[in-house]
Amino acid sequence: MTPQNMAQIHAAAFTDARAWSAAEFASLLDSPYVFASHASQGFALVRVVAGEAELLTIAVHPDHQGQGTGRALMADWMARATHTAGEAFLEVAADNAPACALYAACGFVIAGRRAGYYQRSSAQAVDAWLMRAPLG
Ligand SMILES: CC(C)(COP(=O)(O)OP(=O)(O)OC[C@H]1O[C@@H](n2cnc3c(N)ncnc32)[C@H](O)[C@@H]1OP(=O)(O)O)[C@@H](O)C(=O)NCCC(=O)NCCS
C-alpha cells in the first residue's frame, strides 16, 4: 500500500479530524522505528521506541468497516510488535465508540485522560483516553 493509498483511506475514515497527507505518511514510513500493517482497505501505523509500541493511527475505509478488518490489523501489529516491545499504548477520542470497543476487545485498558484534547468542528472538544496493553 502506498502513502497515497493510506492518505485516501485516512481521509475517508476520519471525517471529523485533520486528514494526514501522503507526504506525512511517507515521512513516517521512512523512520526505522515505524512500521505498517496493511489490509486491502485499511492499515495501522505503529512506532516502537524504547520497548513501547505506539499505535499512531488505524483506519478502515468506511465502505469496508464492520467486517473484521480492524480486528485483523490490530492482531497483526500487536504480534509483530512483541519482537521489540513489551507494552503498547494509544490515544483515542472518548466519543469514538467503535475504536474504544475495538481496543478493549484487544486487551487495552484506560490508563489516563487528556481533558478536551480533540477539537471538534461542530461540537465541544472531546477528552482523549490513553490506553495501554501488555504485549506477548
Ligand atoms: C475503528 C476502526 C478501525 C474499526 O475497524 P473495523 O474494520 O470496522 O472493525 P472490525 O469490523 O474488525 O470490528 C472489531 C471490533 O470493533 C468494535 N466495533 C467496530 N465497529 C463498531 C461500531 N460501529 N460500534 C461499536 N463497536 C464497533 C467491536 O468491538 C468489533 O468487534 P465485534 O465485531 O466482535 O463486535 C474503524 O471503525 C475506523 O477506521 N474508524 C475510523 C477511524 C478511527 O476512528 N480510527 C481510530 C482512531 S483512534
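Please read these numbers as outputs of a predicted model, since none were measured by experiment.

Draft legend 1. Region of the structure containing the site of the ligand. Val60, Gly66, Gly68, Gly70 and Asn96 are the nearest of the 20 residues found near the ligand. Val60 places a main-chain nitrogen or oxygen 2.8 Å from an oxygen atom of the ligand. Contacts to the ligand include Gln67, whose backbone N or O atom sits 3.1 Å from an oxygen atom. For the ligand, the protein covers 70% of the area, taking 930 Å² as the surface of the free molecule. Comparing atom positions with the cavity grids shows the ligand to sit within the largest pocket. Sorting the residues of the shell around the ligand by element identifies strand S3 (52–60), helix H3 (69–81), strand S4 (87–93) and helix H4 (97–105) as the ones contributing at least two each.

Draft legend 2. Up close: the packing of H3 against H4. Across the interface, H3 lies against H4 with an axial gap of 10 Å and an inter-helix angle of 45°. Classified by the interaxial angle, the pair formed by H3 and H4 is oblique. Relative to H4, H3 is oriented so that their crossing is right-handed. Along its contact with H3, which presents Gly70, Arg71 and Met74, the element H4 presents Leu102, Tyr103 and Ala105. Taken together, the residues of the contact of H3 with H4 break down into four nonpolar, one polar and one charged.

Draft legend 3. The arrangement of the UniProt feature "domain: N-acetyltransferase" (unreviewed entry) in the protein chain in detail. Per the UniProt entry, the sites bearing "domain: N-acetyltransferase" (unreviewed entry) are residues 1–136 in this numbering. Across residues 1–136, the secondary structure splits into 31% helix and 36% strand, with the terminal C-alpha atoms separated by 27 Å.

Draft legend 4. Summary view of the pairing of S4. Across the seven residues that make up S4, a large majority, five, are buried. For S3 and S4, the ladder comprises three bridges, and the chain directions are parallel. Residue pairing across strands places Glu54 opposite Phe89, the latter belonging to S4. Read as a crossover between parallel neighbours, the route from S3 over H3 to S4 is right-handed. Inspection of the sheet shows S4 paired to strand S6 (residues 126–134) by seven bridges, in the antiparallel sense. Note on S6: the bridge partner recorded for Ala93 is Ala128.

Draft legend 5. How the structure looks around unusual backbone geometry. Even without being a glycine, Ala50 presents a positive backbone phi close to 50°. Assignment of secondary structure puts Ala50 in the loop between strand S2 (42–49) and S3.

Draft legend 6. Structural context of the layout of surface pockets. The computed volume of the largest pocket comes to approximately 1,100 Å³. In terms of lining, the largest pocket is formed by 36 residues, of which the most central are Phe14, Ile58, Asn96, Ala99 and Tyr103. Among the elements of the structure, helix H1 (3–13), S3, H3, S4, H4 and strand S5 (109–118) are those that each provide at least two residues to the lining of the largest pocket. Looking at the lining of the largest pocket element by element, the count peaks at seven residues for S3.

Thresholds, definitions, all that
- Residues numbered from 1 in each chain as written.
- Predicted model: local features only at pLDDT ≥ 70, side-chain atom pairs only at ≥ 80, totals over all residues.
- Heavy atoms only, no water.
- Near = heavy atom within 4 Å.
- Polar contact = N/O pair within 3.5 Å; in protein donor to acceptor, adjacent residues only side chain to side chain.
- Areas by Shrake-Rupley, 256 points an atom, 1.4 Å probe, with all protein chains shown as cover.
- 1 Å grid on protein atoms, 1.4 Å probe; cavity = no way out; pocket = protein on both sides within 12 Å on 5 of 7 lines; lining within 4 Å.
- Sits in = over half its atoms within 2 Å of the grid points.
- Helix = DSSP H or I, 4+ residues; strand = E, 2+ residues; numbered from the N terminus.
- Axes fitted to C-alpha atoms, helices over the stretch in contact; angles between N-to-C directions.
- Parallel < 35°, antiparallel > 145°, perpendicular 65-115°, else oblique.
- Left-handed = near helix turned anticlockwise from the far one by under 90°.
- Contact = heavy atoms within 4.5 Å.
- Nonpolar A, V, L, I, M, F, W, Y, C, P; charged D, E, K, R; others polar.
- UniProt positions renumbered as here; feature names shortened; annotations may be inferred.
- Buried < 20%, exposed > 50% of the residue type's maximum accessible area, 1.4 Å probe, protein only.
- Pairing = 2+ DSSP bridges.
- Right-handed = clockwise from strand over helix to strand, strands pointing away.
- Points joined across faces, edges and corners; volume = space filled by probe spheres on them.

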